[in-house]
There are 2 protein chains.
Amino acid sequence: MPKSKVKREKPRERFSYDPTRVLTKLEEYGKRVLEDIKSGKNPYFDIPMRGLNNVYFDEKRRVIRMGDKLSRRYFLNVAHARKFMQTLLIMAYVKRLVSEGKHASLREAYYANKHTIPGTKENTFEDQRESDPIIEDLERMLGVLREEMHLTADRRGYIYGDIVIRDGEDEFNTSKLGMGGWAVPGTVEHLHFVEVNVDYALVVETAAMADRLIEEKFPKKEKALIIATQGQASRGVRRLIHRLHYEEGLPIIVFTDGDPYGWYIYSTIKQGSINLAYLSDKLATPEAKFVGMTMDDIKRYGLENVTEKLKGIPPNKKGGPTGDYKRILEEMEYPWFQNKEWQRQLKMAVKMGVRIEQQALANKSLEFVAKRYLPEKINSGDLLP
Amino acid sequence: MPKSKVKREKPRERFSYDPTRVLTKLEEYGKRVLEDIKSGKNPYFDIPMRGLNNVYFDEKRRVIRMGDKLSRRYFLNVAHARKFMQTLLIMAYVKRLVSEGKHASLREAYYANKHTIPGTKENTFEDQRESDPIIEDLERMLGVLREEMHLTADRRGYIYGDIVIRDGEDEFNTSKLGMGGWAVPGTVEHLHFVEVNVDYALVVETAAMADRLIEEKFPKKEKALIIATQGQASRGVRRLIHRLHYEEGLPIIVFTDGDPYGWYIYSTIKQGSINLAYLSDKLATPEAKFVGMTMDDIKRYGLENVTEKLKGIPPNKKGGPTGDYKRILEEMEYPWFQNKEWQRQLKMAVKMGVRIEQQALANKSLEFVAKRYLPEKINSGDLLP
């Protein structure tokens, strides 16, 4: 069998984590507020607006981007005062976290800043639904990731392959940890990639499939790093994928179930999401490619007997489209799926009315996915854009 | 601060994984079927019955146990023939897996064994809901874990602490993997514990709290192994807890949110579940203890301001009890909660109508849980049974 033609590319970004950057920005903003107060002005923050109105698809870079609409938040404005106070509270908290080298979860940040304002019955925060948006505001306002502010996201996912990571004082090879692999932490900003002895990274939706590939020694034979997302990719995993691609030149190949949920996982890794448009430059990897499962795989590999029916009502039936059908039709509208290959796949799915899972390949044999399916498709470049 | 009084105990079980045991049993059963056929008899399997009727609480060992009611499954019986065929198919599949040293997920096992019977339009399996129960039947019939048959469960959870694990050719210390920790695989049967330099294992419900304790260097300071379950404990994690307790003598201390879901997580780790009663001897750890969150913690640590309301209708209101209240009242009936301490906690929860999360401790300070809450409660033995 020919060696994989997928090779590392030239890195285009450098390790850029610098905790002092956040502190400098926070101090700038803090000083301006103080000066405004001293000179009798009404202090304010300019915060880029959230929502669809301030989001666009950057055709050149091929990522979802935030526009330049701003919303001004004043201290001396009855409608703004509470949020102004909350913004300052969280800014002070972040300053303390970063200065002390500590991290907090979103929930901890909420609990830590919830208190009753002395002399009143007013709480600073009533609910995490009040503190989370303030943190998003700060990401947009300061142009930094939540993780750079030491506010950690939920963690999920693990990796396995011949790369050496340095995390604090520890250095380890993620292919020397038995069947387990390395659990990806919530924050990956500070990681150093000491050695990268793989040709590409294969991002895998299900843990069962990742474990199959590990058992078949796929990572060693194909010089691949396995990244198991365990469903929708966590922010940590998405940032890790981005860093491995841009800082280490690793091509990213995504392997999900052939269904609207799997394609959405791919979509989020590739282009970012609308909610987090302002982070696309740091979280998205538009050069990622998709290996499967595709609708063509069903016929090509004789999997007709192991498809599953799509849920919901098809578009041409009364009451339709709903369920899976509705999601597929929505995906057909995504700017990054506006190409012949993806339109064809998505149309086929609606027409055939079926989905096909990664694990359905076990119908051929357990080895099939590692010995034939993936090497065949990856080496011949049979990938979707 | 005094050193932790919690110490390792004398081991009571030995490493017992022996892949040949399953093979021997499968061969015995297979031979009997073959002999029956040769001598013109109607072959059958005797399978311990599932369901509440065949489950009891063993007061002495304090685990949920399977009774001795059997159900006989014949080949020559129209009502049994399909299941008999399926049982044999899965048995043959397991034999191949174990002989070849391979593992398969439940989903792979389903897909691998789904085919159309030649000359008919009949499929061997129509749905995974047909194959999963057959696998459970085999666990009960053979008295082995699914994992011993090389059928792996969903994986979830990670560990961090000064223990050295050998998994195949790899040997690693789970406290030397940066902030990530070691991702617990679906199957932990084959792991060897080479060195165990901790006094106890702290099982933690949320990843955010586990990460807090790692950041605070709690595992090193308190000589503890952190086991993050990330919600309900996976089978792999429950088996790992069991093995660490019985083979390595590690006391198990569980730390969850103070709510019906958290108490249920504790309950499952401690006593096993009704569905898997036949596995309690291998999955449950009845000696596990509970450190928090408790209802008493709210007043003792001044957390009144950071409780959350229980969901649902209380028992004394019209339409009640529903939601959280209903679950708490159900938990009050569990045999292992029939003691003064737990009845008091559960009654208090219903009366106060609130829940308290682990992360609410961040209201004191980020360090509070690691420097005061846990050491204070664990060292003074302030644990629930």
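Residues numbered from 1 in each chain as written. Chains lettered and ligands numbered in written order. Predicted model: local features only at pLDDT ≥ 70, side-chain atom pairs only at ≥ 80, totals over all residues. Heavy atoms only, no water.

Student: Would you mind showing me how to read the overall build of chain A here?
Tutor: Counting secondary structure elements, chain A contains 13 helices and 17 strands. Projected onto its principal axes, the C-alpha positions of chain A cover 75 × 60 × 40 Å. When each of the 385 residues of chain A is scored for burial, the buried share is 59%. Contacts in chain A between residues at least 24 apart in sequence constitute 73% of all its contacts with a sequence separation of at least 6. (Helix = DSSP H or I, 4+ residues; strand = E, 2+ residues; numbered from the N terminus. Buried < 20%, exposed > 50% of the residue type's maximum accessible area, 1.4 Å probe, protein only. Contact = heavy atoms within 4.5 Å.)

Student: Quick question: what am I supposed to make of the relation of the copies chain A and chain B here?
Tutor: Each of the two copies of the chain can be brought onto the other by a rotation about an axis and a shift along it. Rotating chain A by 180° and translating it 0.0 Å along the rotation axis places it on chain B, where the RMSD comes to 0.0 Å. Accordingly, the operation relating the two chain copies is best matched by a two-fold axis. Most of the interface of chain A is mirrored in chain B, where 100% of its interface residues again form contacts. (Least-squares fit on C-alpha atoms with pLDDT ≥ 70 in both.)

Student: Explain the interface of chain A and chain B to me, please; I cannot follow it from the model alone.
Tutor: Accessible area lost on assembly of the parts is the figure often given for the size of an interface. Between chain A and chain B, the contact holds 50 residues from the first and 50 residues from the second. Taken over both partners, the interface formed by chain A and chain B buries close to 4,200 Å², and the fraction arising from carbon and sulfur atoms is 44%. Along the contact surface separating chain A from chain B lie twelve salt bridges. Arg212 of chain B is paired through a salt bridge with Glu108 of chain A; the nearest N and O atoms lie 2.8 Å apart. Among the secondary structure elements, those contributing two or more residues to the side of chain A that touches chain B are helix 2 (81-100), strand 5 (104-105), helix 3 (106-113), strand 9 (170-173), strand 10 (182-183) and helix 5 (207-215) of chain A. Across the side of chain A that touches chain B, the residue classes tally to 19 nonpolar, 15 polar and 16 charged. (Buried area = accessible area lost by both parts, 1.4 Å probe. Salt bridge = Lys/Arg side-chain N within 4 Å of Asp/Glu carboxyl O. Nonpolar A, V, L, I, M, F, W, Y, C, P; charged D, E, K, R; others polar.)

Student: Where do I start with the sheet that holds strand 8 (residues 163-167) of chain A in this structure?
Tutor: Strands pair in a sheet through their backbones, by hydrogen bonds, and they do so in one of two ways: parallel or antiparallel. Residues and elements named next belong to chain A. Taken in spatial order, the three strands make up an open sheet running 9-8-11, and their pairing is antiparallel. If you trace the sheet from one side to the other, it starts and ends with strand 9 and strand 11 (192-196), each paired once. Along the sheet, successive strands turn relative to each other by an average axial angle of 20°, direction set aside. Pairing analysis gives four bridges linking strand 8 to strand 11, with the strands arranged antiparallel. The partner of Arg166 across the bridge, within strand 11, is His192. (Pairing = 2+ DSSP bridges. Axes fitted to C-alpha atoms, helices over the stretch in contact; angles between N-to-C directions.)

Student: Is there a simple way to think about the packing of helix 2 of chain A against helix 4 (residues 128-142) of chain A in this case?
Tutor: Axis angle and axis distance: for two packed helices, these are the angle between their axes and the distance between the axes, and together they describe the pair. Residue and element names in this part refer to chain A. Contact geometry of helix 2 with helix 4 gives a least axis separation of 10 Å together with a crossing angle of 70°. Regarding the angle of helix 2 to helix 4, the classification is roughly perpendicular. Contacts from Arg82, Lys83, Gln86, Thr87, Ile90 and Met91 in helix 2 reach Glu130, Ile134, Ile135, Leu138 and Met141 in helix 4. Partitioned by chemical class, the residues of the contact of helix 2 with helix 4 number six nonpolar, two polar and three charged. (Parallel < 35°, antiparallel > 145°, perpendicular 65-115°, else oblique.)

Student: What's the story with the pattern of salt bridges in this structure? I'm lost.
Tutor: Where side chains of opposite charge bring their charged atoms close, a pairing between them can arise. This model, assessed by the stated rule, comprises 76 salt bridges over all chains. Here Asp211 of chain B makes a salt bridge to Arg155 of chain A, at a shortest N to O gap of 2.9 Å. Of this pair, Asp211 of chain B sits in helix 5 (residues 207-215) while Arg155 of chain A sits in the loop between strand 6 (151-152) and strand 7 (158-160), on two different chains. With its nearest N and O atoms 2.9 Å apart, the salt bridge here joins Arg372 of chain A to Glu376 of chain A. In this pair, Arg372 of chain A and Glu376 of chain A both sit in helix 13 (residues 368-379), four residues apart, roughly one turn of the helix. For Arg372 of chain A, a relative accessible area of 40% gives the class partly exposed. A relative accessible area of 29% means that Glu376 of chain A is categorised as partly exposed.

Student: Please clarify how the domain arrangement of chain A should be interpreted in this entry.
Tutor: Residue and element names in this part refer to chain A. Here the domain parsing of chain A yields domain 1 (19-152) and domain 2 (158-379). Here the C-alpha centroids of domain 1 and domain 2 sit 33 Å apart. Contacts between domain 1 and domain 2 engage 21 residues on the former and 21 residues on the latter. Taken over both partners, the interface formed by domain 1 and domain 2 buries close to 1,900 Å², and the fraction arising from carbon and sulfur atoms is 58%. Looking at the side of domain 1 facing domain 2, the largest losses of area belong to Ile64, Leu145 and Glu147, adding up to 35% of the total buried there. (Domains from an automatic or database assignment.)

Student: Is there a simple way to think about the sheet that holds strand 9 (residues 170-173) of chain B in this case?
Tutor: Residues and elements named next belong to chain B. If you trace the three strands from one edge of the open sheet to the other, you get 9-8-11, paired in antiparallel fashion. Either end of the sheet is taken by a strand with one partner, and the two such strands are strand 9 and strand 11 (192-196). Strand after strand, the sheet turns through a mean of 20° between neighbouring axes, direction not considered. Sheet topology places strand 8 (residues 163-167) next to strand 9; four bridges connect them, and they run antiparallel. Paired with Asp167 across the strands is Asp170, a residue of strand 9.

Student: Hey, could you run me through the UniProt feature "domain: Spo11/DNA topoisomerase VI subunit A N-terminal" (unreviewed entry) in chain A in this one?
Tutor: Feature annotation in UniProt places "domain: Spo11/DNA topoisomerase VI subunit A N-terminal" (unreviewed entry) on residues 82-150 of chain A, given in this structure's numbering. Taken end to end, residues 82-150 of chain A is 61% helix and 3% strand, and its two terminal C-alpha atoms sit 24 Å from one another. (UniProt positions renumbered as here; feature names shortened; annotations may be inferred.)

Student: Which parts of the structure should I look at to understand the side chain of His242 of chain A?
Tutor: Residues and elements named next belong to chain A. One can find His242 in helix 7 (residues 235-248). Only 2.6 Å separates the side chain of His242 from the backbone oxygen of Ala284, close enough to count as a polar contact. With residues up to four places along the chain from it excluded, the contact list for His242 reads Glu13, Glu247, Asp281, Lys282, Leu283, Ala284 and Thr285. (Polar contact = N/O pair within 3.5 Å; in protein donor to acceptor, adjacent residues only side chain to side chain.)

Student: Even after reading the chapter, I still don't get empty space enclosed by the protein, so can you show me in this structure?
Tutor: The gaps of empty space that remain are located by a probe, the size of a water molecule, rolled over the atoms. For the structure shown, the criterion picks out three cavities of 30 Å³ or more. Contributing elements (two or more residues each) for the lining of the largest cavity: helix 5 of chain A together with strand 5 (104-105) of chain B. In terms of residue count, the dominant contributor to the lining of the largest cavity is helix 5 of chain A (five residues). When its residues are assigned to classes, the lining of the largest cavity shows five nonpolar, five polar and five charged. Volume-wise, the second largest cavity comes out at about 110 Å³. Counting residues per element, the ones that place at least two in the lining of the second largest cavity are strand 5 of chain A together with helix 5 of chain B. Sorting elements by how many residues they give to the lining of the second largest cavity places helix 5 of chain B first, with four residues. Its residues assigned to classes, the lining of the second largest cavity comprises four nonpolar, five polar and four charged. (1 Å grid on protein atoms, 1.4 Å probe; cavity = no way out; pocket = protein on both sides within 12 Å on 5 of 7 lines; lining within 4 Å. Points joined across faces, edges and corners; volume = space filled by probe spheres on them.)

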